[in-house]
Amino acid sequence: MQLKRFHSGDGASYKLHNLITFPTHLDMGEYLAGEAEGSGCSTDAAGGTEPGENEKDREPAVKTARGDQNSKAATNESQTFRTLSREITQYELYGVVNHIGGMGSGHYTSFVRRGDGSSGSRTKWYCCNDERVYEVCEEDVVSMNAYLLFYVRTDVASGSVALKDLYPPRATSS
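Below is a short write-up of the structure.

Quick notes on the rules
Residues numbered from 1 in each chain as written. Predicted model: local features only at pLDDT ≥ 70, side-chain atom pairs only at ≥ 80, totals over all residues. Heavy atoms only, no water. Helix = DSSP H or I, 4+ residues; strand = E, 2+ residues; numbered from the N terminus. Buried < 20%, exposed > 50% of the residue type's maximum accessible area, 1.4 Å probe, protein only. Areas by Shrake-Rupley, 256 points an atom, 1.4 Å probe, with all protein chains shown as cover. Core = buried A, V, L, I, M, F, W, Y, C linked by side-chain atoms within 4.5 Å. Contact = heavy atoms within 4.5 Å. Salt bridge = Lys/Arg side-chain N within 4 Å of Asp/Glu carboxyl O.

Observations regarding the overall build of the chain
Here comes step 1: What the chain contains, in helices and strands, is five helices and eight strands.
Here comes step 2: The burial tally for the chain puts 25% of its 174 residues in the buried class.
Here comes step 3: In the form shown here, the chain has an accessible surface area of approximately 11600 Å², with 51% of it arising from carbon and sulfur atoms.

Shown next, in the form of structure tokens:
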């Protein structure tokens, strides 16, 4: 997510130095669009169907690049499924890029999180500043220099879902 840090207008450009607070834990459920008018399906903020709706009224099944033509979901487009991105809407901040300076010059640093807090492990934040890397408090991560924010979905962060499961490799022709 990019924070607007620069302003141009009337021939002048300058950097915005105001503090923009942002969450370290983010629920995107309230920002999901519902189904199109007349589709017969509406979803709640968490992506689930409302009571009384049929399973067949949910998002259409999608054929994957691996070619799941033999699966019922791929061959029968009237069958549907709920996507993980609609079911799991919780995200955790894991990185921040900072810009220190003005329009003409500046310096970039970053904050990165190590650990996901699972299995009793402690989450730690680090500041990466050129050749120097040192631990910082989570409170230091939200700063007026924040420029780019990187979030990861909680199921991916915990390892319960791998990226290869979400984005299967493309099928290659032999």
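Quick word on the nonpolar core
Here comes step 1: F22, L93, V96, F111 and L149 are the most contacted members of the largest nonpolar core, which has 13 residues in total.
Here comes step 2: Here the element with the most residues in this core is strand β8 (residues 146-153); it accounts for three residues.
Here comes step 3: Among residues more than four places away in sequence, those in contact with V96 are F22, T109, S110, F111, V141, A146, L148, L149 and F150.

Concerning the pattern of salt bridges
Here comes step 1: One pass over the structure, following the stated rule, counts three salt bridges.
Here comes step 2: Across the pair D155 and R153 runs a salt bridge, and its minimum N-O distance is 2.8 Å.
Here comes step 3: For D155, a relative accessible area of 6% corresponds to the buried category.
Here comes step 4: For R153, a relative accessible area of 10% translates into the label buried.

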